[in-house]
Amino acid sequence: VFAIFANGDVAAFDFEGKELWTRATGPLENMYGHAASLTVDEDRLIVLLDQGEADDDLSRLVALNVEDGSRVWESEREVPNSWSTPIVIEHEGRRQIITAADPWVIAYDSADGDELWRADVLFGDVGPSPIYAGGLVIACNDGTDLVAIRPDGEGDVTETHVVWRTPGAMPDTASPVSDGTHVYVVASFGLMGCYR
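A quick note: this is a predicted structure, and the numbers were derived from the prediction, not measured.

1. Things to note about the side chain of D41
Then step 1. Its location among the elements puts D41 in strand β4 (residues 39–41).
Then step 2. For D41, a relative accessible area of 1% puts it in the buried group.
Then step 3. Each residue touching D41, except ones within four places of it in the same chain, is listed here: I46, V88, R95 and S110.

2. Let's talk about the pairing of strand β8 (residues 87–91)
Then step 1. Every second residue of β8 is oriented toward a common face, the buried set being I87, I89 and H91 and the non-buried set V88 and E90.
Then step 2. As judged from the five bridges shared by β8 and strand β9 (residues 94–101), these two strands associate in the antiparallel manner. Considered in β9, the bridge of H91 is made with R94.
Then step 3. What sits between the antiparallel neighbours β8 and β9 is a turn of two residues, in which E92 has the positive phi angle 50 degrees.

3. Comments concerning the sheet that holds strand β6 (residues 60–65)
Then step 1. Strand order across the open sheet formed by four strands is β4-β5-β6-β7, with antiparallel pairing between neighbours. In the strand order of this sheet, the two ends are held by β4 and β7 (71–76), each with one partner. The average undirected angle you get between the axes of adjacent strands in this sheet is 20 degrees.
Then step 2. Where β6 meets β7, five bridges bridge the pair, whose relative direction is antiparallel. If you follow R60 over to β7, its bridge partner there is E76.

Basis of the calculations
- For every chain, the first residue of its written sequence is number 1, and the numbers climb from 1 along that sequence.
- Since the coordinates come from a predicted model, pLDDT governs what is reported: local features require at least 70, and pairs of side-chain atoms require 80 or more to be given and counted, while whole-chain, interface and lining totals use all residues.
- Side-chain numbers here rest on the full set of heavy atoms in the structure, without hydrogens or water.
- Numbered from the N terminus, helices here are DSSP runs of H or I no shorter than four residues, and strands are runs of E no shorter than two.
- Burial here depends on accessible area, computed with a 1.4 Å probe over protein chains only, as a share of the maximum for the residue type. Under 20% is buried, over 50% is exposed, and the range in between is partly exposed.
- Any two residues having at least one pair of non-hydrogen atoms within 4.5 Å are treated as being in contact.
- Pairing between strands is defined by DSSP: at least two bridges between them are needed.
- Between N-to-C directions, angles span 0 to 180 degrees; the directions come from axes that are lines fitted to C-alpha atoms, helices contributing only their stretch in contact.

Below you can see the structure in the form of structure tokens.
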């Protein structure tokens, strides 16, 4: 069982509650406090540490070994504070870690943390996590569109791989969900939207 705390400490526990290891990744400079959940990818714990402003060079994505907490790789991110949780997808045999922060949805190679592609589609305080449905990465945020991105590109794919985008009442916190055919979003003021 893995946990991250507001000060940036990451810890692993066994099912009896015994602490196995801890690692300090902070302090974190995040105006609302840290909120991105941890993600497990095979034998790696994925830790998103978006903080400060984009030009502060503080944000990073880190992969830790689940056995001992040692760093496997670390990638710097040119993004400000965000509160979304990264997801791991496999598309056409390529494992990718998908992240969301103003203004980018960015995919990283799961094995080494190298950036694969990015799309300029978000704005503001990004809380909702991206999802993967119907072979597409779906992302949104309050004040932006709901967007679908084909995850097979390289570099900046904003003009080439954004399959569709649609306006609507988008969430500021809740992540979208999908049954594979429809995408559902719930805005903070209680309006639910369904998109094909």
